[in-house]
There are 4 protein chains.
Amino acid sequence: MRAARLHTFDETLKREELLQLEELPNPQVQEPDDVIVRIGGAGLCRTDLHIVEGIWRAKVDRPLPYILGHENAGWVHDVGTTVRLVKPGDPVIVHPLATDGTCPACRRGEDMHCQNGWFPGISHDGGFAQFLRTKERSVIKLPANLEPKDVAPYADAGLTAYRAARKASEILKPGMTAAIIGFGGLGHIAAQVLRSLCAGTIIIVDTSEQALKLAEDMGFEHRVMGGGGMVDDVKRLTEGGADAVIDFVGEKGTPEQGMAMLGRGGTYYVVGYGGMVQVPTIDLIFSEFNIVGNLVGNYPELSELMTLAAQGKVKLATRAYRLDQVNEAMHDLIGGRLTGRGVLVP
Amino acid sequence: MRAARLHTFDETLKREELLQLEELPNPQVQEPDDVIVRIGGAGLCRTDLHIVEGIWRAKVDRPLPYILGHENAGWVHDVGTTVRLVKPGDPVIVHPLATDGTCPACRRGEDMHCQNGWFPGISHDGGFAQFLRTKERSVIKLPANLEPKDVAPYADAGLTAYRAARKASEILKPGMTAAIIGFGGLGHIAAQVLRSLCAGTIIIVDTSEQALKLAEDMGFEHRVMGGGGMVDDVKRLTEGGADAVIDFVGEKGTPEQGMAMLGRGGTYYVVGYGGMVQVPTIDLIFSEFNIVGNLVGNYPELSELMTLAAQGKVKLATRAYRLDQVNEAMHDLIGGRLTGRGVLVP
Amino acid sequence: MRAARLHTFDETLKREELLQLEELPNPQVQEPDDVIVRIGGAGLCRTDLHIVEGIWRAKVDRPLPYILGHENAGWVHDVGTTVRLVKPGDPVIVHPLATDGTCPACRRGEDMHCQNGWFPGISHDGGFAQFLRTKERSVIKLPANLEPKDVAPYADAGLTAYRAARKASEILKPGMTAAIIGFGGLGHIAAQVLRSLCAGTIIIVDTSEQALKLAEDMGFEHRVMGGGGMVDDVKRLTEGGADAVIDFVGEKGTPEQGMAMLGRGGTYYVVGYGGMVQVPTIDLIFSEFNIVGNLVGNYPELSELMTLAAQGKVKLATRAYRLDQVNEAMHDLIGGRLTGRGVLVP
Amino acid sequence: MRAARLHTFDETLKREELLQLEELPNPQVQEPDDVIVRIGGAGLCRTDLHIVEGIWRAKVDRPLPYILGHENAGWVHDVGTTVRLVKPGDPVIVHPLATDGTCPACRRGEDMHCQNGWFPGISHDGGFAQFLRTKERSVIKLPANLEPKDVAPYADAGLTAYRAARKASEILKPGMTAAIIGFGGLGHIAAQVLRSLCAGTIIIVDTSEQALKLAEDMGFEHRVMGGGGMVDDVKRLTEGGADAVIDFVGEKGTPEQGMAMLGRGGTYYVVGYGGMVQVPTIDLIFSEFNIVGNLVGNYPELSELMTLAAQGKVKLATRAYRLDQVNEAMHDLIGGRLTGRGVLVP
């Protein structure tokens, strides 16, 4: 099959061929619960750039070369002998983590903390290819009105946004307020999820006029221009501070600013990464703040997100590239020329 | 009445007379829901030292002189015309915050976030005196087997420990583990509360042999010597990391160490203050950590704590001083000569 | 002032003058936290009929005569000396229960379980009059865009619907389903609340074509005709049973049918009353069902509902009568000629 | 192998040979995730009697003959090719339900609502035998200090008690009260679990002096003799009603009595079965009661219970019989001669 592999890191991201297109053997069923997916779409994510930069080496030690792509959807191509959940031909989205199903975290339903999980596209071969090997526990059959190439980015970006927004929705009663910092790929999903899951008031914060215009078009009436004045603007709109802040940037000062926007007892949800959270313990105590880290969501959460997508409550802007355009797509993302989420279609 | 007032700040805490003993007029009922309490005991707290140092000026702007003492218990002396909850002679403990009862926080039961609350001993005259003015909403009638002078420190130190431990108890299922950093005044209450409210395993961490000995005597079988090796020790005992860490120190590296002890999905509860929480956003996300700030508890929580005390499930080591020994007591606290909580008895 | 009082019970509800219009002295401020409200609208409720029938005598022992009317809104007319939350002229809605604010239930925020609460219009004089006496703790200032006469029925009917729907919303994740039995005064509010608070699928069940037509007009796409086939219809639509059933009828077989509609682990919320819940213990166990009773909501919940109303997320159909038309209004309700909620305007 | 099978129902339970001892072929690994357990102990349960009586035919349609026994523990004898969690020789307890691991209920961690679950000893061959076939997902490795024959009854009776007590523990704050009706096999486990998981006050209700004596010996200080006066006794002890009632009888009037013991907002947890819950809807509403059905617990809950047992926080009185004494054991249970839980040891 055709696949795009990472052979060497590039901290500068300046190399033209960040990934190398190659012809490789198809993945095969190895265990009774394996599922081989024919890729219909593989989302391109800022994390792919961070992997190329080598940032993830500290967290996941994976020898090169290997195939990137951790936001995958397609059709079931082949299944192991015990697989009952899906059959060849079924359209599926692939939960990003392959999990053992027997560790305590899996048994509580929190698969993403699986003690033996592996991550196609991060620790193992991923979906920038024609075929992908995953497990029965990781596939969700798509509702009839959803196409693999249109939903692939939900598998990771969407699911991460969903989990953070779902956590925030649990505290947001009518009259309470959430500020969303960053109305990009994840932020615009989180805003829609939040609007579906609760009646709290939503304030969109972004430094880009274009992003705020998109927020307006999507019906988000409270918007704040990012930058120096955003803390004051949010405090004024909320009459004292937000109950929840969801930060999809997580660097360049947004953690400090995000926490400064909170009202008493408020919670700062961090999703974006790169920077530091730095806060005096006395501030945490005096106003009784909470800070909540957010990893990708679990399998039931991905099912729930697919339900929202099928019901039209959450929509996603994507831009399709052919698999052989993968380097062009990555450079578009680096250069800020990619609006919406890029999806590679083999 | 006799009272101890702060007239000037002293950053060094070296002055012999940190507070000044004076004869002052008794506080009087001013509003229909006022309650005048004859003090039976007033707890001495490290926060009193921080007030003398001037550290709290950034948070609470209060002109000098005024009477310190925010951990108060005694007997009802006089009541306003609408007070029904207590009558003169009733033994009571005093919730540290006087609250309006009508703001949204009060209506949800979270009085300590009251929009109009005032804090006797911090923002108003407190209980290092013979009498204290508070409100009906702040007094809890004591069970028959509890004496004011024995329970006064529960009003703030105990309540803060209770709230943090109660939050942690909600996630600690059997087989899960909490590490408590600092087995001093608050920590030893939190440990007892935690043991009462859940079946999670408790690990006591302290840098003092004496504190660990006390923990042993109180039946806490898992103990770790604080310092350089404590992170490794906790990770080994918990086979990978604690589900909860409650930090009663909050400075000198314990926030970093506390977070380093956590297992995936774990929560760091911070109570002690003075230092900074500094953590890369990627760490919060990758392991999906939470950080929870803890202010003093609400009124129902203080009632619950009094129930535990009356049932003998939580015990408190106190050392009584006469009110005119207040400066001696404070210097004992500064000099590390005060084991247990100091209580001033007028 | 002008007021409508109940002088004698009438089990048959056939008497023309069910309530008697009289001239009575205005209520006066008696305690420092009293609030006198000039009534702008008082909702008429099926409970008023049940009171006239004498059904409530078993629950609340109240000598006749007295003024009915427990769904009240208007403008503050006079206040006691300690009232700070509102001032004369403020438009307010009145929480149906006057509460002490100091009992354990009040302190936890669950005012409707107040140990010393009294219920204007049920245990004390109510709002079918020009003025009403209530307490500071019971009034909520109205947002600028809401009129007392338009919101009065939210005070009890709306609040009860809100509380039941809010409880159900907490379990309804995307893809889960709630059936609402009875799309009348409470049911049509509950459906709108549920749609605002969660993304669960909503099925409207009613025996009236007209009610189902209204549900369609309000955008509820899943509707089932009540009666013999409704259990099967709901089970088919939900592929096995609903996760939540909210029953606003509560008699004539709906409890049995409502529970028969549930899927495994499902919850039956009962609001309407008159009949019996009768279920074999083995059924409760085998499918692990829950049954949840619902009283009127607490004060924060009424605030939240007012927020939803002000935001246009919940709308209420009302029909205004003059206070001197109270008996006509009651007979319209008895005769099924009153669509929407009746509101008496003095 | 040796096994005890049910060949014909007997409504009267008078037949001497209720089950027939036979020599049968050993169960074999059929699927890659199968586990064959060599039985160390199989608990005897009142449900076994109900099965013999034919009561369960309405719920589970299972042709005769088959082997009873749904509370099983032992040692792993053989495993399928994909089993990683255990290896031959490991001591295990067997979760009573064999589940698919892929349905929505399993993915949320609530295995006992599995859409494709099967129940050894109820729907399939059980553990009154030398060997049992189950699945990897159903076995939990025992801590070193627990013996299979001592823990077998935890697999169903203990787990059911655990789940009900755990639910109740979530609402029982210090000062709140739970009444446990029935201090038999399940009740005495539930009481110990409740004492471990929360600080609520526990009242034991039983009609047997002997059971109340056992409760006293186990340190439960609040005890009430069952029968006509028990409602009043509990209401007096709780000053108005219990916050939680857990009913392990569920027939002969205990549902009505159990609900009559509740205070406002209280919850009735039903575990025992046989009778009916019958309650006027107005009572459910007026006092805002909840009724909670309880099936057996999920896999993580069985792990938690094993932790409590290993820590000595929950103890179980058992009486061992040889497998060939199965009919004697059953008649001892019928005749009330079996104190503690009976365990069959092959």
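Keep in mind that what you see is a predicted model, and the values were worked out from it rather than measured. (Residues numbered from 1 in each chain as written. Chains lettered and ligands numbered in written order. Predicted model: local features only at pLDDT ≥ 70, side-chain atom pairs only at ≥ 80, totals over all residues. Heavy atoms only, no water.)

Q: Quick question: what am I supposed to make of the overall build of chain A here?
A: Tallying secondary structure elements over chain A gives 11 helices and 17 strands in all. For a compact globule of 346 residues, the expected C-alpha radius of gyration is about 20 Å, and chain A comes in at 20 Å, within 12% of that figure. The dimensions of chain A, computed from C-alpha atoms along their principal axes, are 60 × 45 × 40 Å. Per-residue burial over chain A gives 64% buried out of 346 residues. Counting contacts in chain A only where the partners sit at least 6 residues apart, residues at least 24 apart contribute 69% of the total. (Helix = DSSP H or I, 4+ residues; strand = E, 2+ residues; numbered from the N terminus. Rg over C-alpha atoms; globule rule 2.2 N^0.38 Å. Buried < 20%, exposed > 50% of the residue type's maximum accessible area, 1.4 Å probe, protein only. Contact = heavy atoms within 4.5 Å.)

Q: Just to check I follow, could you spell out the relation of the copies chain C and chain D for this structure?
A: The relation between the two chain copies is a rotation about an axis coupled with a shift along that axis. With an RMSD of 0.0 Å, the fit of chain C onto chain D corresponds to turning through 180 degrees and sliding 0.0 Å along the axis. What the rotation and shift describe, once combined, is the action of a two-fold rotation axis. Of the interface residues in chain C, 100% have counterparts in chain D that sit at the interface too, so the contact is made through matching surfaces. (Least-squares fit on C-alpha atoms with pLDDT ≥ 70 in both.)

Q: When you look at the pattern of salt bridges in this model, what are you seeing that I'm missing?
A: Opposite charge on two side chains makes pairing possible when the charged atoms of those side chains draw close. Residue and element names in this part refer to chain C. In the structure shown here, the tally under the stated rule is 100 salt bridges over all chains. Glu301 serves as the salt-bridge partner of Arg166, at 2.7 Å between the closest nitrogen and oxygen. Within this pair, whereas Arg166 is found in helix α4 (residues 157–169), its partner Glu301 is found in helix α10 (residues 299–310), the two being separated by 135 residues in sequence. No difference in accessibility class separates Arg166 from Glu301, as the two residues are buried. (Salt bridge = Lys/Arg side-chain N within 4 Å of Asp/Glu carboxyl O.)

Q: Looking at this structure, how should I read the domain arrangement of chain A?
A: Often, the extent of an interface is quoted as the loss of accessible area upon association of its parts. Residues and elements named next belong to chain A. For chain A, the domain assignment lists domain 1 (2–156 + 296–345) and domain 2 (161–293). Between the C-alpha centres of domain 1 and domain 2 there is a distance of 28 Å. Contacts between domain 1 and domain 2 engage 20 residues on the former and 13 residues on the latter. Viewed at the interface, domain 2 and domain 1 are joined by three salt bridges. Where Glu301 meets Arg163, a salt bridge forms, and the shortest distance between an N and an O atom there is 3.0 Å. Summed over the shared surface of domain 1 and domain 2, the result is seven residue pairs in polar contact (both at pLDDT 80 or more). Every element with two or more residues in the side of domain 1 that touches domain 2 is listed here: α1 (46–53) and α10 (299–310). It is α10 that provides the largest number of residues to the side of domain 1 that touches domain 2, a total of four residues. Taken together, the residues of the side of domain 1 that touches domain 2 sort by class into nine nonpolar, five polar and six charged. (Domains from an automatic or database assignment. Polar contact = N/O pair within 3.5 Å; in protein donor to acceptor, adjacent residues only side chain to side chain. Nonpolar A, V, L, I, M, F, W, Y, C, P; charged D, E, K, R; others polar.)

Q: Would you explain the sheet that holds strand β10 (residues 201–206) of chain A in this entry?
A: The pairing of strands in a sheet happens through backbone hydrogen bonds and is either parallel or antiparallel. Read from one edge of the open sheet, 12 strands run β11(A)-β10(A)-β9(A)-β12(A)-β13(A)-β15(A)-β15(B)-β13(B)-β12(B)-β9(B)-β10(B)-β11(B), paired in mixed fashion. Each of the sheet's edge strands pairs with one partner strand only, and the pair in question is β11 (222–225) of chain A together with β11 (222–225) of chain B. Here the average twist between neighbouring strands, direction ignored, is 20 degrees. One ladder, built from three bridges, connects strand β15 (residues 290–293) of chain A with strand β15 (residues 290–293) of chain B; its direction is antiparallel. Across the sheet, Val292(A) pairs through a bridge with Asn290(B), a residue of β15(B). (Pairing = 2+ DSSP bridges. Axes fitted to C-alpha atoms, helices over the stretch in contact; angles between N-to-C directions.)

Q: Mind showing me how you'd approach the interface of chain C and chain D here?
A: Counting from both sides, the interface comprises 40 residues of chain C and, opposite them, 40 residues of chain D. Roughly 3400 Å² is buried in total at the junction of chain C and chain D, and carbon and sulfur atoms are behind 60% of that figure. The closest approach of N and O atoms between Glu288(D) and Lys167(C), which form a salt bridge, is 3.2 Å. Summed over the shared surface of chain C and chain D, the number is 23 residue pairs in polar contact (both at pLDDT 80 or more). Broken down by secondary-structure element, the contributors of at least two residues to the side of chain C that touches chain D are α4, β13 (262–270), β14 (276–280), α9 (281–286) and β15 (290–293) of chain C. For the side of chain C that touches chain D, the element with the most residues is α9(C), which contributes six residues. Of the residues that constitute the side of chain C that touches chain D, the class distribution is 20 nonpolar, 12 polar and eight charged. Pairing of β14(C) with strand β14 (residues 276–280) of chain D, which is carried by five bridges, proceeds in the antiparallel orientation. Looking at the pairing, Val279(C) lines up with Val277(D) of β14(D). (Buried area = accessible area lost by both parts, 1.4 Å probe.)

Q: I'm lost on the nonpolar core in this one. Help?
A: In a soluble, globular protein the nonpolar side chains are often hidden away together inside. With 242 residues, the main nonpolar core has Phe128(A) and Phe128(B) as its most contacted residues. Counting 240 residues, the second largest nonpolar core, distinct from the first, contains Phe286(C), Tyr299(C), Ala190(D) and Met306(D). (Core = buried A, V, L, I, M, F, W, Y, C linked by side-chain atoms within 4.5 Å.)

Q: Sorry if this is basic, but what is going on with the relation of the copies chain B and chain A here?
A: It takes a turn of 180 degrees to lay chain B on chain A, together with a shift of 0.0 Å along the axis; the resulting RMSD is 0.0 Å. Residue by residue, 100% of the interface of chain B is reproduced at the interface of chain A, so both copies engage with the same surface.

Q: For this particular structure, what's the right way to read the sheet that holds strand β4 (residues 66–67) of chain C?
A: Residue and element names in this part refer to chain C. Strand order in the open sheet formed by three strands is β2-β1-β4, and the pairing between neighbours is antiparallel. Unpaired on one side and paired on the other, β2 (20–23) and β4 mark the two borders of the sheet. As paired strands, strand β1 (residues 2–6) and β4 are joined by two bridges and run antiparallel to one another. Bridged to Leu6 within β4 is Tyr66.

Q: Any chance you could explain unusual backbone geometry here in plain terms?
A: A negative phi angle characterises most non-glycine residues, just as the trans form characterises most peptide bonds. Residue Pro65(C) is bonded to the preceding Leu64(C) through a cis peptide linkage, with omega at -10 degrees. Position of Pro65(C) among the secondary structure elements: in the loop between α1 (46–53) and β4. Not every positive phi belongs to a glycine, and Lys252(B) is a case in point at roughly 55 degrees.

Q: Looking at this structure, I do not really get the pairing of strand β7 (residues 131–135) of chain A. What am I missing?
A: Strand residues, when the strand is regular, have side chains that alternate between the two faces of the sheet. All names here are of chain A. With five of five residues buried, β7 lies mostly within the body of the structure. Along β7, one buried face is formed by Phe131, Arg133 and Lys135 and the opposite face, lined by Leu132 and Thr134, is buried too. Pairing geometry for strand β3 (residues 34–43) and β7, over five bridges, is antiparallel. Each residue of the ladder has a partner; that of Val35, found in β7, is Thr134.

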